[in-house]
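Here's the letter readout for the chains.
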Amino acid sequence: MFPRPSPFTLIALLTALSLAPACTPVPELNDTVTADLRAAPYPALIPLEPALAQNAPEPQKAEDLEQQMQARQAALNARAQRLRTRAVE
């Protein structure tokens, strides 16, 4: 069996593991931007409320949702019953 490591050894190991990602070189992102992108103007800003209102779905009534869920429940119960009564080959 291996001897149990001392707390100092565990702390040193955890410190080394936590500092290891700091040694990773960071890629230079400035080299990935082309001259066309640097010269491009910023996009136009638009108000948020009208943009969200254009594609907003109609609010669904609770009764419609309840009917859909009940129909789905009935279909799933019927399928479960068919599976229970099906002969195993």
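Since this is a predicted model, take the numbers as computed values, not measurements. (Residues numbered from 1 in each chain as written. Predicted model: local features only at pLDDT ≥ 70, side-chain atom pairs only at ≥ 80, totals over all residues. Heavy atoms only, no water.)

Visitor: Let's hear about the overall build of the chain: which residues, and what values?
Guide: Of regular secondary structure, the chain possesses 4 helices and 0 strands. Secondary structure elements of the chain, listed N to C terminal, follow the sequence α-α-α-α. Relative to the compact-globule value of 12 Å for 89 residues, the chain shows a C-alpha radius of gyration of 31 Å, a clear excess of over 25%. Projected onto the principal axes, the alpha-carbon positions of the chain cover approximately 65 × 65 × 30 Å. (Helix = DSSP H or I, 4+ residues; strand = E, 2+ residues; numbered from the N terminus. Rg over C-alpha atoms; globule rule 2.2 N^0.38 Å.)

Visitor: With reference to specific residues and values, describe the environment of T9.
Guide: Note that T9 resides in helix α1 (residues 7-19). Along the primary structure T9 and A39 are separated by 30 residues, whereas in three dimensions their C-alpha atoms are 54 Å apart.

Visitor: I'd like a description of the confidence of the model for the chain, backed by residues and values.
Guide: Confidence along the chain averages 85 in pLDDT terms, with 96% of residues attaining 70 or more. Model confidence for the chain, summarised as mean pLDDT per element, is weakest for helix α3 (residues 48-54) at 81 and strongest for helix α4 (residues 62-85) at 93. (pLDDT = per-residue confidence, 0-100.)

Visitor: I'd like a rundown of the environment of L52, residues and numbers included.
Guide: In this structure, L52 sits in helix α3. By relative accessible area, which is 51% here, L52 ends up exposed. Between the alpha carbons of L52 and F2 there is a distance of 63 Å; along the sequence they are 50 residues apart. (Buried < 20%, exposed > 50% of the residue type's maximum accessible area, 1.4 Å probe, protein only.)

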